[in-house]
Amino acid sequence: TDLNDEEIAMANKLPADGGDEETEEVDKRPFPRTVIFWIAISLLGVCFLGLIIFPIVKNRKGKVDNQQEGLMTGSIISGSPEPERHDVNDEETVSPEPDKHDVDEQQLTGPIIPGQPETNVPTADPSSMPTESKEPSGVPSIPPSVSSSPSNIPTRVPSGYPSTSPFKLFNYGESLYNNDELGIQLSEGLTAKLIAQRNTRVKYTDGSESTLKFHEWLDGAGVAPLPDGGYVYVSNSEDDTGKAGVFGLYFDKDGGITNYKALLTGTTWNCGGGMTPWDTWISCEETSTGQCWQVEPNPDKPHHNTPKKTLLGGPRGGNYESVAVDNSNVLNPVFFTTEDNSKGELRRFVADGNGWDSLHEGGVTTYLEFLDGNKFQWTSSLSAGEKSASKHYPNSEGIAYHNSTLYFVSKTIKTIFMLDLTEMTYTSERTGSNFQGQGSFNAQPDQIIKSVHDHDDRKYIYFTEEGNTAPGAHARDGEGTYYTLFRAIPGGRFSGDETVGIAFSPDRKRFYCGYQEEGVLFEITREDGQMFN
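Residues numbered from 1 in each chain as written. Predicted model: local features only at pLDDT ≥ 70, side-chain atom pairs only at ≥ 80, totals over all residues. Heavy atoms only, no water.

*Asks:* Hey, could you run me through the nonpolar core in this one?
*Replies:* The tendency in soluble globular proteins is for nonpolar side chains to be buried as a group. By size, the foremost hydrophobic cluster in this structure holds 26 residues, and its most contacted members are Tyr462, Phe486 and Phe511. Elements supplying a minimum of two residues to this core: strand 2 (184-187), strand 3 (190-197), strand 25 (472-476), strand 26 (482-488), strand 27 (499-504), strand 28 (511-515) and strand 29 (520-526). It is strand 26 that contributes the most residues to this core, 4 residues altogether. Listed in part, the 19 residues of the second largest apolar core include Phe251, Ile257, Val500 and Leu521. (Core = buried A, V, L, I, M, F, W, Y, C linked by side-chain atoms within 4.5 Å. Buried < 20%, exposed > 50% of the residue type's maximum accessible area, 1.4 Å probe, protein only. Helix = DSSP H or I, 4+ residues; strand = E, 2+ residues; numbered from the N terminus.)

*Asks:* Can you walk me through the side chain of threonine 499 in this structure?
*Replies:* Structurally, threonine 499 can be placed in strand 27. Looking at threonine 499, the relative accessible area reads 0%, which means it is buried. A distance of 2.8 Å separates a polar atom in the side chain of threonine 499 from the backbone oxygen of glycine 472. Every residue in contact with threonine 499, bar those within four places of it in the chain, is listed here: Thr464, Glu465, Pro471, Gly472, Ala473, Phe486, Cys513, Gly514 and Tyr515. (Polar contact = N/O pair within 3.5 Å; in protein donor to acceptor, adjacent residues only side chain to side chain. Contact = heavy atoms within 4.5 Å.)

*Asks:* Would you mind going over the confidence of the model for the chain with me for this structure?
*Replies:* Fine structural detail should not be taken from predicted coordinates in areas where pLDDT scores are low. Summarising the model, the chain shows a mean pLDDT of 79, and 69% of its residues fall at 70 or more. Contacts from residues 60-163, a stretch scored under 50 in pLDDT, to residues over four places away or in other chains number 91 contacts. (pLDDT = per-residue confidence, 0-100.)

*Asks:* Can you help me understand the environment of leucine 371 in this one?
*Replies:* Here leucine 371 is to be found in strand 17 (residues 363-371). Of the residues examined, leucine 371 reaches a relative accessible area of 34% and is grouped as partly exposed. Separated by 54 residues in the primary sequence, leucine 371 and threonine 425 have C-alpha atoms spaced 9.1 Å apart. Setting aside residues no more than four positions away along its own chain, leucine 371 makes contact with Phe376, Gln377 and Tyr426.

This is how it looks when you write it as structure tokens:
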């Protein structure tokens, strides 16, 4: 109030006369720097807050979206009641991080929401993952949990049973383990039990036992199916003169033993044999005048109690071993018989008919003769057959037929022969020569059986073994590779013994084999319940 007009004009650098010109100069004054500074600070602060708040809002929105998508894996969105915990107690619930070796992120079909438990509560929306399954899954459940009671959630490891799953080839002999109680080594994945022992009554499934004690010197065997689904394990006894014979061990359809009885008695050194297409058993005597006997194991058949000598051994007899049959021509089946003699000819008998009577009423016998160039013929000359046996295949034992090929072994030279009956040529190899896995097949081959079924195209041959410190049962696949199913613990109770009596149950899920001198019979099965190769 103390300034005059001139001082005020000078202070504002305005003309002294004022007016409109003064107002125009006031509007053009520079903006104060302090105000500009705080405006800039405010703008930077807003931008900074935006950088912080925007990801938080976006992340929160993502969590909500994930919660909604989580319904596909059984999760409950916000606002729903607490999920029901099936079969898991609060104290037992464990939710560890999934093992990276067990879970591939690309295999998961829904998001993993940490902290949200699994539930079996169904959702309204379709799900790309089953909420409950009774079949094993290739992808484990996420997250894993521990339960004290059974759960509907499948496990990673499928059960061995039921055995209706597709056939899986068994790898014999990859690793052997000791069964010290039985005195044998088994392929991993096989299990064995003792079902009969010499001079001991046989235990039946119903808790009772046989009146007759199990026979001594068990040897060759076969299995005959019965109409009710059961079967008979037919077993030779290679006992002394007049004390040998054939015995039947009867099983129900579930593999339980129901009976044991004699089927043929009064014979001598019954060694090997073979099954016929009509399910009778041919038992061969291994003595200088031995014969081959036909035995009917089915109690409902008319010849059950009347075993009869066949025409296979000829009038003079011999040290006969085993029999195989080519039934491709059902009107005239062909029987092949081996003889355990240094000049024991392989015999071929073409029957005049089929069925029980065909082995007793007529036929034509010829003998195997090897020729140059790995060829052979069937000759009517017994002496030519004996000469060929002495030179090429002495002491022939086990024999089997399949699909126009005849297989037989020569024990003393440890050789298997394979005869192409169509081309009339043959090949041979030393048994156990191409061996794979643990175990060995170095001693003499004896009985053989051919394994043929629709699930396996390798066509395995199974062998017994005589001698050695660890005799066992072995297999050869169609590619010529040998494996060990089981063998004696080296140097144990079966050292120097021989395996005998190999046969399969009709469903091929039980394998029977024993040791002759110790007089024991084992039943061997796959742990997964499937049939043998």
